[in-house]
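Coordinates in review
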Amino acid sequence: MVALLNIHRKQLDADKNPNQPLRKNIQYDLAMLCQHKGLLRLSIMAFCFSATQLSLMSFAVSMLVEDLSRTLVLAGTIVSLMQGFGAVGRIAWGVFADKVSSGLPVLILIGCLSIAACLVMTQLNTQWPLWAVIIVMCVFGFSAIGWNGVFLAEVARMSQPEQVSTMTGMALFFTFSGVVIGPSLFSLICKFVGSYLLTFGVLSIFPAVGTILLFGMRKEYEKI
């Protein structure tokens, strides 16, 4: 991919100043993002949503085995289904956003579903039937893993045409910060709480914060 993209390097880098040091370039890009309140909120939302997504993907198998006493093979099968629904969700949410001609309400709906899934996780126990556990996990995957495409489309839509690549890069900086911090924080909280299921309840703070930020964007969104 690097070799193929290098063919179009001059065109892709037309807006870059080759004489500007990398450190100053990053500072400048971050300052530009911070000046755009809508994009900044969207980026922080991405941090929250990615922290939820990676925590789910990292600890779902352990949760099913240790808290719900499922076999490792069965837990792996359920998580495979969950991730499959996440992949389908990326397409389905994109189609839905096209239908309603807006990504913001779709992201809000995804956030609400993620919050609900986190809270329902705290109610799971060994008495729940397998089919019910699978449904909860698949809904969680469909929402918490399926948001990325709509988010990136919104970043591009809210950016100036000449700043799309820059703003996307900075928004992804926030996204992958959540990828690193989310699972680490989940692990730390789990040690104190003593349960993966209850930790998912605490984790609901992340999608809740992200969703609140999205609600705050509605007035700005209407002006675009």
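Note that the coordinates shown come from a computational prediction; the quantities given were computed from them, not determined experimentally.

1. Some details on a nonpolar patch on the surface
A contiguous nonpolar surface patch, about 870 Å² in accessible area, is contributed by Val-180, Ile-181, Leu-185, Leu-188, Phe-192, Val-193, Leu-198, Val-202, Ile-205 and Val-209. Those elements that place two or more of their residues in the nonpolar patch are α9 (164-193), α10 (196-203) and α11 (205-216). Tallying contributions element by element places α9 first for the nonpolar patch, with six residues. Checked against the element boundaries, Val-209 lands in helix α11.

2. A short note on the side chain of Ser-43
Tracing the backbone through its elements, the reader meets Ser-43 in helix α4 (residues 37-67). In this view, Ser-43 contacts Leu-33, Ala-171 and Phe-174; residues no more than four positions away in its chain are not counted.

3. Brief notes about the packing of α4 against helix α8 (residues 148-158)
Contact geometry for α4 and α8: axes closest at 11 Å, N-to-C directions at 165 degrees. By the criterion of interaxial angle, the relationship of α4 to α8 is roughly antiparallel. The interaxial crossing formed by α4 with α8 has left-handed handedness. Across from Gly-38, Leu-39, Leu-42, Met-45, Ala-46 and Gln-53 in α4, the residues of α8 making contact are Asn-148, Phe-151, Glu-154, Val-155 and Met-158. Residues of the contact of α4 with α8, tallied by class, amount to seven nonpolar, three polar and one charged.

4. Quick word on the environment of Leu-107
On the secondary structure map, Leu-107 appears in helix α6 (residues 104-121). Along the primary structure Leu-107 and Leu-214 are separated by 107 residues, whereas in three dimensions their C-alpha atoms are 7.6 Å apart. Not counting chain neighbours up to four residues away, the residues in contact with Leu-107 comprise Leu-42, Met-45, Phe-49, Trp-147, Val-150, Phe-151, Glu-154 and Leu-214.

Criteria and thresholds
- Residues numbered from 1 in each chain as written.
- Predicted model: local features only at pLDDT ≥ 70, side-chain atom pairs only at ≥ 80, totals over all residues.
- Heavy atoms only, no water.
- Patch = residues over 30% accessible without salt bridge, like charges linked within 9 Å, V, L, I, M, F, W, Y side chains within 5 Å.
- Areas by Shrake-Rupley, 256 points an atom, 1.4 Å probe, with all protein chains shown as cover.
- Salt bridge = Lys/Arg side-chain N within 4 Å of Asp/Glu carboxyl O.
- Helix = DSSP H or I, 4+ residues; strand = E, 2+ residues; numbered from the N terminus.
- Contact = heavy atoms within 4.5 Å.
- Axes fitted to C-alpha atoms, helices over the stretch in contact; angles between N-to-C directions.
- Parallel < 35°, antiparallel > 145°, perpendicular 65-115°, else oblique.
- Left-handed = near helix turned anticlockwise from the far one by under 90°.
- Nonpolar A, V, L, I, M, F, W, Y, C, P; charged D, E, K, R; others polar.

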